[in-house]
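Residues per chain, in single letters:
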Amino acid sequence: MDSFSGIVAVEYINEAIDEGNPLKTVDGLMLPTAKIRDVDPEHAQHYQDVLYHAKSQKLMDPASASNILWLDEIQHAVYEANMHHDKAKQWVTLVIDVNQCLEKEKTSDILSVLKSSVCNTNDVLPECANRYYDALAKKKEQKSKSVSTEGSWLKLTLQEKYDYYYNVDSKESSWITPESCLPKESWLTGKEIESFWKGHKQRMAYINRRQTFIDHIPSIVKIQSWFRMITARKNYLSRLQYFSDHKNEIVKIQSLLRANKARDDYKTLVGSENPPLTVIRKFVHLLDQSDLDFQEELEVARLRGEVVTKIRGNQQLEKDLNLMDIKIGLLVKNRITLEDVISHRTKLNKKKGGEILNNSDNQGIKSLSKERRKTLETYQQLFYLLQTNPSYLAKLIFQMPQNKSTKFMDTVIFTIYNYASNQREEYLLLKLFKTALEEEIKSKVDQVQDIVTGNPTVIKMVVSFNRGARGQNTLRQLLAPVVREIIDDKSLIINTNPIDVYKAWVNQLETQTGEASNLPYDVTTEQALTYPEVRNKLEASNENLRRVIDKVLNSIISSLDLLPYGLRYIAKVLKNSIHEKFPDATEDELLKIVGNLLYYRYMNPAIVAPDGFDIIDMTAGGQINSDQRRNLGSVAKILQHAASNKLFEGENQHLSSMNNYLSETYQKFRKYFKEACDVPEPEEKFNMDKYTDVVTVSKPVIFISIEEIISTHSLLLEHQDAIAPEKHDSLNELLELLGEVPHVESFLGEGTVDPNDPNKANTLSQLSKTEISLSLTSKYDLRDGEAIDGQRLMIKTKKLIIDVIRNQPGNTLTEILETPATTQQETDHATDMVSRAIKDSKTPEEMKHSQSMVEDAQLPLEQKKRKIQRNLRTLEQTGLVSSKNKYQDILNEIAKDIRNQRNYRKLRKAELAKLQQTLKALNEKAAFYEEQINYYDTYIKTCLDNLKIKNSRRSIKLDGKGEPKGTRRVKPVKYTAAKLHEKGVLLGIDDLQTNQFKNVTFDIISTEDVGIFDVKSKFLGVEMEKVQLNIQDLLEMQYEGVAVMKMFDKVKVNVNLLIYLLNKKFYGK
């Protein structure tokens, strides 16, 4: 029962504390059941404050298990409050006694007053009593002067939270602020009194201690000296032992310090506007060509050759495989003889075995006569000129017919630039693209939209190059994951054609019921959309389409950095050139043109036909089915509309629900296209300019076939007047030295082929494909007059200065040049030059310096210094250097060379890795082609076996006798439009009445390419237009169910009957 009463008391007291009622709190404390001792009702307010604070602290304690104060905690708080009261009384007594003593001027009483009020009487020194009194009296006097109103209340703050008030007149005390509380300001407070006598005590102790030191100075000095000696010796021995125990760490620290010093020096070299000679001297060794440099240069050159050769080989294999596809397709349709296919298979197998292009024998050209060698050198100078001056090739491209220029671009131009296999050639190729594109826009583009609606030659060339061997990896990284996901999703169905959806739905109904439906089979788009089932299926397709497009778009946008720099740069050139020609064009129009290049031309075909662009890996014989192809086509179509911000209208009105989505997607594309154009110029990107070749160690090398050399020579002569109209143009001089276009045999030399060889023509044809390497050199100095002379002199002078500062110290270049070299310095220099000569003798021929630089290197040190002084005076006259700043300009150029050499080594290593990666990809692609060849080979063998089993009526002669191999050329077929209309092949001609069909004739001619036909139209005997038909395209239309097609943009023909006509007239079916 007592326990319960105690709990009730605790609850009552906690409620009183929370209410903030001091009287109720005291009542609770005095409850008998609470059993709280020493409670004084006069201290009710202070009890309340202390208890409230204790409870607040408990509430804030996360470790506390209870939120109320228990009896022991309450009792402790009461004791604490009582102690506060006792301390306050003691403080009041001290203040009153001291101040009254001072007011009554009782000097003798001050000591007893202080001792009676402090805890430790020893703190109060009797001998200082007078000084205590004087100091306190002085302070009180100062304080009394500043008092204006005097009260009678004293205030003490305990623990910085409880205030205690005492009235000296009424002897009244309180723990709350009294009404009309005026402090007694003239009196000294307890803290002021205590600080005075404690401070005085400390001062006296300090004075006594100081006097002791003064009296014993000699002894103190001896003690200090002894102690310092012991301490120093101990520290020294300890430090020595520490060093001994941490030798390895110390070595590392020293190495780190040296490295930091070297790093600081290099930062000065790189970051300082005028690096000092002392810093440059430390890094000139970086300009030396080491054995590793030579090995890497040779390895890069070898890999470039392999990459170029492999690219050309793969391109030829791809062309032949495409032709084989056509031949097998025609064979399946029974349109050509099996003998034609076998003939082409034999050719493929030869190429697979390397019999057609034997690239390993590049030695024959070295056995040429002096005259032939001179011709070869002229060709090397010619191709250097073409490579470094883009205006010639840019003009040549537009002088040729488009069918010829395309072939020329795909082979010769990319060969001249080694398929941009290194940074120099990529830089030069981009300069060609830029020059040609600006020329094409300037001369052939009349409206902004011509770039989109037409097929610009340069744009086609840029896209072809970047989708080739160099850009393929980029497209794979961009699109392969999402394209593969679309193909692998078997449940994905995207069909946005209402008629197709309607027919599939009807077929499904009939299949499920087994009965013919009453629904019409042939319906229009509007009729198909009246059925809820069709609309629901279209909406589901649209939803799938949005989901898939989001993934593809995110993959494209998040991979901006993967886009080839060259493609982005040409996009920038395209945008700027269009804007320059059409200044009124809006930003949206310009970005749509950029989008046409980056998305529609570069990415879109790869999405539609990923198997055709090596975006995904396909096994030989594997293919994408029609559903997968339709899904990809639908995605590409929506992205194309979004990239050009073209909304669905008219025939595509049923897709208008996608228009908002298209607008949102366009905004993402727009930002992407704008950021894609934000790239630096090639000079900045590749750190190159027109002087780069002058300072490059190795000569540029290209790999080109004899046939391509002869073809280029022929084209240059044919269009010489257009591309080099000036008589004294460098190109004209080189062409004049070369003379007429040589034949293959005359190029290689008479006697290369046995004149009695019955297959001489075939042998020469094979030899024309032989590749040779051309080390390109310039016949002419760069045409900048004194500027170029100054640059060359600057290069020679820099090399001489580097040799000098290696062996002769000095803080400035002028100091070194004016100080005579010592005998030891001359000896060291001569030794260095001998070592260099030995190293140069092992240098590959194409990496050796010019003869003049070699001769300069052999000069003695003093002669080099005199030559440097002469060169510097010449350079100062041209304004390249100045003696006023002690020729700091040339030192800055040397520092720049050091930085560039380091960057060049890094770039070369990156290029090595890139070439190895490219070569690996090309080998994989070649392996895939070989796998396809094997697949075709197996297929044809199966056809042969089946043919033997069936004892086919057609005799196939495999021994080469009898009928010649290949398809016999069939005579052209001529029809009037009226006759074709009568046969049902021709359905109509726009803007022409039927009675006029007799005046229109069509000539159908079989070309040398199997399955390709030229169709010429004539009106009243006048030839009007010509188009080309591909039997493979017609068969694909037939497979896709296309019944009617247009020729010449106005003639409607029946596809099925056209195929029948071609089969009958040209394949005897």
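Residues numbered from 1 in each chain as written. Predicted model: local features only at pLDDT ≥ 70, side-chain atom pairs only at ≥ 80, totals over all residues. Heavy atoms only, no water.

Some points on the overall build of the protein
Condition: Labels follow the DSSP assignment, with helices taken as runs of H or I lasting at least four residues and strands as runs of E lasting at least two, numbered in each case from the N terminus. Contacts are residue-level and defined by heavy atoms, with any inter-residue pair within 4.5 Å sufficient. The method behind every accessible area is Shrake-Rupley, applied with a 1.4 Å probe, and residues are considered shielded solely by the protein chains displayed.
If you tally the helices and strands in the protein, you get 42 helices and twelve strands. Across the protein, every contact between residues at least 6 apart in sequence was considered, and the portion connecting residues at least 24 apart equals 71%. Approximately 59,000 Å² of the protein is accessible, and the part contributed by carbon and sulfur atoms is 50%.

A few points about the sheet that holds strand 8 (residues 1000-1006)
The strands making up a sheet associate through backbone hydrogen bonding, with each pair oriented either parallel or antiparallel. Operational definition: If DSSP finds at least two bridges between two strands, the strands pair. Lines fitted to C-alpha atoms define the axes, with helix axes restricted to the stretch in contact, and inter-axis angles between N-to-C directions lie between 0 and 180 degrees.
Read from one edge of the open sheet, four strands run 6-8-9-10, paired in antiparallel fashion. Since the sheet does not close on itself, it has two edges, and those belong to strand 6 (973-976) and strand 10 (1022-1030), each with one partner. Recorded for the sheet is a direction-independent mean angle of 20 degrees between the axes of neighbouring strands. Examined bridge by bridge, strand 8 and strand 9 (residues 1012-1019) share seven bridges and lie antiparallel to one another. Across the sheet, the residue bridging to Val1000 is Phe1019, located in strand 9.

Focus: the pairing of strand 12 (residues 1051-1054)
When a strand is regular, its side chains alternate between the sheet's two faces. Of the pairings in the sheet, the one linking strand 7 (residues 986-989) to strand 12 comprises three bridges and is antiparallel in character. Considered in strand 12, the bridge of Ile989 is made with Val1051. Strand direction decides the pairing type here: strand 11 (residues 1044-1047) and strand 12, joined by four bridges, are antiparallel. Pairing of Lys1046 across the sheet is with Lys1052, part of strand 12. Two successive antiparallel strands, strand 11 and strand 12, enclose a turn made up of three residues, where Phe1048 displays a positive phi of approximately 55 degrees.

What to know about the pattern of salt bridges
Threshold: Whenever Lys or Arg places a side-chain nitrogen within 4 Å of a carboxyl oxygen from Asp or Glu, that contact is recorded as a salt bridge. Only protein chains enter the accessibility calculation, which uses a 1.4 Å probe; a residue is then buried when its area is under 20% of its type maximum, exposed when over 50%, and partly exposed in between.
Evaluation of the coordinates by the stated rule reveals 19 salt bridges. In this structure, Glu485 engages Lys551 in a salt bridge whose closest nitrogen and oxygen atoms are separated by 2.5 Å. Here Lys551 lies in helix 22 (residues 532-557) and Glu485 lies in helix 19 (residues 472-488), a separation of 66 residues in the sequence. Its relative accessible area of 40% is what places Glu485 among the partly exposed residues. One salt bridge in this structure joins Asp627 and Arg630, with 3.2 Å as the shortest N-O distance. With a gap of three residues between them, Asp627 and Arg630 both fall in helix 25 (residues 626-643), about one helical turn apart. Using a relative accessible area of 28% as the deciding quantity, one classes Arg630 as partly exposed.

So, the sheet that holds strand 2 (residues 162-167)
Taken together, three strands build an open sheet; the order of strands is 1-2-3 and the sheet is antiparallel. Where the open sheet ends on each side, the last strands, each with one partner, are strand 1 (153-158) and strand 3 (173-174). Where helix 4 (residues 71-103) meets the sheet, it contacts strand 1 and strand 2, and its direction lies at approximately 135 degrees from that of strand 1.

Observations concerning the nonpolar core
Keep this limit in mind: Buried residues of nine kinds, namely Ala, Val, Leu, Ile, Met, Phe, Trp, Tyr and Cys, make up a nonpolar core once their side-chain atoms join them within 4.5 Å.
Among the nonpolar cores identified, the biggest contains 128 residues, and Phe383, Leu479, Tyr599, Met603 and Leu731 are the most heavily contacted of them. Ranked by residues supplied to this core, first place goes to helix 24 (residues 587-608) with eleven residues. If we ignore the near neighbours within four places in the chain, the residues touching Leu731 are Leu382, Leu385, Leu386, Tyr392, Leu716, Ile723 and Ala724. Val26, Leu51, Ala77 and Val78 belong to the second-largest nonpolar core, a separate cluster that totals 31 residues.

Regarding the side chain of Asn892
Mapped onto the elements of the fold, Asn892 is located in helix 39 (residues 888-950). Not counting residues within four places of it along the chain, the set of residues in contact with Asn892 comprises Glu273, Asn274 and Pro275.

Let's talk about a nonpolar patch on the surface
Keep this limit in mind: Patches in this entry comprise residues that are over 30% relatively accessible and not in a salt bridge; like charges within 9 Å are linked, as are nonpolar side chains (Val, Leu, Ile, Met, Phe, Trp, Tyr) within 5 Å.
Among the surface-exposed residues, Trp226, Phe227, Met229 and Ile230 lie close enough to one another that they form a single nonpolar patch of about 430 Å² accessible area. Along the chain, Met229 turns up in helix 8 (residues 217-245). When its relative accessible area of 36% is taken as the criterion, Met229 is described as partly exposed.

A closer look at the side chain of Ser634
Residue position: Ser634 is located in helix 25. With a relative accessible area of 9%, Ser634 lands in the buried category. For Ser634, the contacting residues outside a window of four places in its chain are Ile494 and Leu545.

Let's talk about helix 22
To be explicit about the condition: One less than the residue count of a helix, multiplied by 1.5 Å, gives the span that helix is expected to have.
Taking 1.5 Å as the rise per residue, helix 22 with 26 residues should run 38 Å; its terminal C-alpha atoms sit 37 Å apart, in good agreement. For helix 22, the set of buried residues is Val534, Leu538, Ser541, Asn542, Leu545, Arg546, Val548, Ile549, Val552, Leu553, Ser555 and Ile556.

Notes on the packing of helix 23 (residues 565-581) against helix 24
Put simply, the rule reads: When the near helix sits turned anticlockwise from the far one by under a right angle, the crossing is termed left-handed; a clockwise turn instead gives a right-handed crossing. Each residue receives one of three labels: charged for Asp, Glu, Lys and Arg, nonpolar for Ala, Val, Leu, Ile, Met, Phe, Trp, Tyr, Cys and Pro, and polar for the others, Gly being one of them.
Relative orientation of the contacting elements helix 23 and helix 24 amounts to 145 degrees, with a least axis distance of 10 Å. The two elements helix 23 and helix 24 meet at a crossing, and its hand is right-handed. Contacts from Leu567, Ile570, Ala571, Leu574, Lys575, Ile578 and His579 in helix 23 reach Glu587, Leu590, Leu591, Ile593, Val594, Leu597, Leu598 and Tyr602 in helix 24. Its residues placed into classes, the contact of helix 23 with helix 24 shows twelve nonpolar, one polar and two charged.

Here's the deal with the environment of Glu439
With respect to the helices and strands, Glu439 occurs in helix 16 (residues 423-444). Once the C-alpha coordinates of Glu439 and Ala394 are considered, the two residues, 45 residues apart in sequence, prove to be 7.7 Å apart.

Focus: the packing of helix 22 against helix 25
Stated precisely, the cut-off is as follows: Note on angle classes: values under 35 degrees are labelled roughly parallel, values over 145 roughly antiparallel, values of 65 to 115 roughly perpendicular, and the remainder oblique.
Contact geometry for helix 22 and helix 25: axes closest at 10 Å, N-to-C directions at 70 degrees. By the angle between their directions, the pair helix 22 and helix 25 is classed as roughly perpendicular. Read as a crossing pair, helix 22 and helix 25 show a hand that is right-handed. For the pair helix 22 and helix 25, contact is made by Leu545, Val548, Ile549, Val552 and Leu553 and by Ser634, Val635, Ile638 and Leu639, respectively. Tallied by class, residues from the contact of helix 22 with helix 25 come to eight nonpolar, one polar and no charged.

Re helix 14 (residues 390-399)
Along an α-helix, a turn takes 3.6 residues, which lines up residues three or four apart on a common side. Counting buried residues along helix 14, seven of its ten residues qualify, which places the element largely inside the surrounding structure. Looking at helix 14, one finds that the buried residues are Pro390, Tyr392, Leu393, Ala394, Leu396, Ile397 and Phe398.

Brief notes about the packing of aromatic side chains
Heads up, the condition is: In summary, the pairing rule links any two rings of Phe, Tyr or Trp, Trp by its six-membered ring, whose centres are within 6.5 Å, and it sorts them by plane angle into stacked for under 30 degrees, edge-to-face for over 60 and tilted for everything else. Any Lys NZ or Arg CZ that is within 6 Å of a ring centre and within 35 degrees of that ring's normal is treated as a charge sitting over the ring.
Enumeration according to the criterion identifies eleven aromatic pairs in this entry. Between Tyr599 and Phe669, the aromatic rings sit 5.7 Å apart at their centres with planes inclined by 50 degrees, giving tilted as the arrangement. One end of the pair, Tyr599, is in helix 24; the other, Phe669, is in helix 26 (residues 659-676), and 70 residues separate them in sequence. Both residues of the pair, Tyr599 and Phe669, count as buried. Three or more aromatic residues joined by ring pairs make a cluster, and in this case those are Tyr599, Phe669, Tyr672 and Phe673. Across the ring face of Tyr565, the terminal group of Lys685 is positioned such that the distance to the ring centre comes to 5.2 Å.

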